[in-house]
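Descriptive structure summary
This is what each chain is made of:
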Amino acid sequence: MLIDAIIEPFQLTFMMRALVVCVLIGVMCPFLGAHVINREMGFMGDALAHSVLPGMVGATILGFSPLLGAIPTGIVVALTIGYIVKKSNVSNDTSIGIMFTALFAFGLVLLSLHGDEEIHVEDILLGQITTISNTDVLVTVFLALVTFAIMVLLHKQLVFVGFDYEGAVVAGLPASRIDYLLLALLSIVIVVSLQIVGIILVVGMLITPAAAASLIAKRFSSAIVLGIVFGVASGVVGLYMSYYFNVPSGPAIALTSTAIFTLSFLNRLRTT
Amino acid sequence: MPSTCPCLNEGCNCCIQVFNACIEFENQLALDSVSFAVPPGVLTGVVGPNGAGKSILFNALVGLQPLAHGKILINGCPPKNSKTKISYIPQKERVNWRFPLSVRDVVSLGTAASTSLLANIRITSRDNDLIEESLRKVDMWHKKDHLVSTLSGGQRQRTFIARALTQNADILILDEAFSGVDISSQEGMLQILRGLRDEGKTILVATHDLNTLAAKFDYVLCINRHICAYGKPELVFTKDVLIELYGSHSEMFTTHQIGQHTHVD
């Protein structure tokens, strides 16, 4: 009985595709998220998610998958925002806020001008697992592998730059390029996550499992591993909830990760 | 090589040399025509009040801050080419303590610039030996698994000194290393720094604390937007120098303006 309930959703091919993407973003979001929460870049993550809207709409209008449009847009936007934040005199929050609202607004205008029945705002904002194609899955697998490899190989360098930027520069690390690389990887992970969780809720996947893990794990490396466990759990449990309660996957996953965070928080209160 | 360092002889490649350096910061002349040289294997204190330009000078020495005028040579090369030979230990406010890193994690960062990327996934026994040796030298081996964010000011500084040792840096530059460190720990840190100096490391420490510390360095560089005095502590600390250092510098140095450099080309 239980086995049947576990297996049943994934006899549908679109659910199988969603599961693969879910597990991958469950790994990648908290991996990047561990850096994001320690560098206080949550708002940047939210901004990147919103800023790829023009790319997604543009790609759909031209007949491509929204994912394929969002990836290059995401990388360009991430590097541009990163550059402006580094160089401008206004505060980080302000420059990020101005940039992302402008791009999101541009995306919405494109969407309303086009007025195509094929593009649903809710799908883009909340994620829509039924539209994930085989190509999307392959692209996601490839990008997740590349991102994972870079995050592991450059782990020490990324930590050094985030922890002590000036010390890292003096030690001879290309700190500025490492920062931009992190932004580019962040935008890639956010963009592939949009398929499942949508623009509005992607931050829930990016920071909530990582934050829950940081309440329990003492060390940075163990917080990353535990965050990945929480991320995959949130994704898979959320997907089941989405299937059995007939709710969108994004909110189901975000609520699951919030529940995990709440338990971690209560555990922390109990032990301190 | 000249026989008496410190010198401002360009042929000498064994020193930190600063020639007529002027540094502008936020449209103010922060340092005016600064010239000095530091020989290797010496522990130098850089003393001056807050806002005197100590941090800006250090940033220029490590290549983080461009000069408006003048030149800096580290071992005969510009600062940008001397990286990996210098380890910079910033003021504690410049470090992101949010990262939950253990003492050992921080010290292992010293190898980040020199080892291959694959070394991130397998820690060699050579690295482990180096980390242990560095931590023992600063007497922090027993704290290796503690989070740096939970340590005292002195223990944090010792952890960063150990990081400089794993980086195998010849020159250590410590900005306000003694602020927030209690007096007994300051003495312990000085012992460690003296030990490293005896091994040939060149060490510069900025401090605004004149009373307890300044006399304990080999050389003292007194700056207050220009060099007030430089030399052995017993020769440097005269009444005139102290007034120049800690008198009301905003009134005394109204001539320190952009475009009014007093340097001689």
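Located above this text is the structure these notes cover.
Residues numbered from 1 in each chain as written. Chains lettered and ligands numbered in written order. Predicted model: local features only at pLDDT ≥ 70, side-chain atom pairs only at ≥ 80, totals over all residues. Heavy atoms only, no water.

Some remarks on the packing of helix H11 (residues 175-216) of chain A against helix H13 (residues 249-271) of chain A
All names here are of chain A. It is at 9 Å that the axes of H11 and H13 come closest, and there the two elements cross at 20°. For the element pair H11 / H13, the angle class is roughly parallel. For the crossing formed where H11 meets H13, the hand is left-handed. A breakdown of the residues in the contact of H11 with H13 according to their chemical character gives 15 nonpolar, 9 polar and 1 charged. (Axes fitted to C-alpha atoms, helices over the stretch in contact; angles between N-to-C directions. Helix = DSSP H or I, 4+ residues; strand = E, 2+ residues; numbered from the N terminus. Parallel < 35°, antiparallel > 145°, perpendicular 65-115°, else oblique. Left-handed = near helix turned anticlockwise from the far one by under 90°. Nonpolar A, V, L, I, M, F, W, Y, C, P; charged D, E, K, R; others polar.)

Looking at the packing of aromatic side chains
Residues and elements named next belong to chain A. Counted under the stated rule, the structure contains 12 aromatic pairs over all chains. Between Phe 10 and Tyr 240 the ring centres are 5.3 Å apart and the planes differ by 85°, which places this aromatic pair in the edge-to-face class. On the criterion of sequence distance, the pair formed by Phe 10 in the loop between helix H1 (2-7) and helix H2 (13-38) and Tyr 240 in helix H12 (residues 220-245) is long-range, its members being 230 residues apart. Geometrically, the ring pair formed by Tyr 243 and Tyr 244 is edge-to-face, given 5.0 Å between the ring centres and 90° between the ring planes. Relative accessible area serves as the criterion here: at 25%, Tyr 243 is assigned to the partly exposed category. (Phe/Tyr/Trp six-rings, centres within 6.5 Å; stacked < 30°, edge-to-face > 60°. Buried < 20%, exposed > 50% of the residue type's maximum accessible area, 1.4 Å probe, protein only.)

Quick look at the interface of chain B and chain A
Taken residue by residue, the interface counts 34 residues in chain B and 26 residues in chain A. Taken together, both faces of the contact between chain B and chain A bury some 2,900 Å²; the carbon and sulfur share is 62%. The interface formed by chain B and chain A holds 4 salt bridges in total. A salt bridge links Glu 40 of chain A to Arg 98 of chain B; its shortest N-O distance comes to 2.6 Å. On inspection of chain B and its partner chain A, the count reaches 11 residue pairs in polar contact (both at pLDDT 80 or more). For the side of chain B that touches chain A, the elements supplying multiple residues, two or more each, are strand S5 (86-89), helix H2 (103-108) and helix H4 (153-166) of chain B. Taken together, the residues that form the side of chain B that touches chain A break down as 20 nonpolar, 8 polar and 6 charged. (Contact = heavy atoms within 4.5 Å. Buried area = accessible area lost by both parts, 1.4 Å probe. Salt bridge = Lys/Arg side-chain N within 4 Å of Asp/Glu carboxyl O. Polar contact = N/O pair within 3.5 Å; in protein donor to acceptor, adjacent residues only side chain to side chain.)

Regarding H2 of chain A
Compared with an ideal rise of 1.5 Å per residue, which puts 26 residues at 38 Å, H2 of chain A spans 38 Å between its outermost C-alpha atoms and is within 8% of the ideal. At the exit of H2 of chain A stands Glu 40 of chain A, carrying a positive phi of roughly 55°. (Expected span 1.5 Å × (residues − 1).)

Considering the sheet that holds strand S1 (residues 16-25) of chain B
Residues and elements named next belong to chain B. Spatial strand order, S2-S1-S4: 3 strands in an open sheet with antiparallel pairing. If you trace the sheet from one side to the other, it starts and ends with strand S2 (28-38) and strand S4 (69-74), each paired once. Within this sheet the neighbouring strands show an average axis-to-axis angle of 25°, counted without direction. In this sheet, S4 lies alongside S1 in antiparallel orientation, the contact comprising 5 bridges. Its bridge partner being in S4, Ile 16 is matched across the sheet by Ile 74. Here helix H1 (residues 54-61) sits on the sheet in contact with S1, S2 and S4, set at roughly 120° to S1. (Pairing = 2+ DSSP bridges.)

Let's talk about the nonpolar core
The biggest cluster of nonpolar side chains holds 128 residues, and the ones touching the most others in it are Leu 32, Phe 163, Ile 196 and Ile 199 of chain A together with Phe 178 and Val 205 of chain B. Per element, the largest residue contribution to this core is 20 residues, and it comes from H11 of chain A. Once residues lying within four places of it in the same chain are set aside, the contact partners of Phe 178 of chain B are Gln 186, Met 189, Leu 190, Leu 193, Val 205, Leu 213 and Phe 217 of chain B. Listed in part, the 27 residues of the second largest apolar core include Val 34, Leu 57, Phe 58 and Ile 74 of chain B. (Core = buried A, V, L, I, M, F, W, Y, C linked by side-chain atoms within 4.5 Å.)

Remarks on the sheet that holds strand S8 (residues 219-223) of chain B
Two orientations exist for strands paired in a sheet by backbone hydrogen bonds: parallel and antiparallel. Residue and element names in this part refer to chain B. The 6 strands are arranged S5-S6-S7-S3-S8-S9 in an open sheet whose pairing can be described as mixed. At either end of the open sheet lies a strand with only one pairing partner, and these are S5 and strand S9 (227-231). Along the sheet, successive strands turn relative to each other by an average axial angle of 15°, direction set aside. Across 4 bridges, the pairing between strand S3 (residues 43-47) and S8 is parallel. Each residue of the ladder has a partner; that of Val 47, found in S8, is Cys 222.

This is a description of form; function is not addressed.
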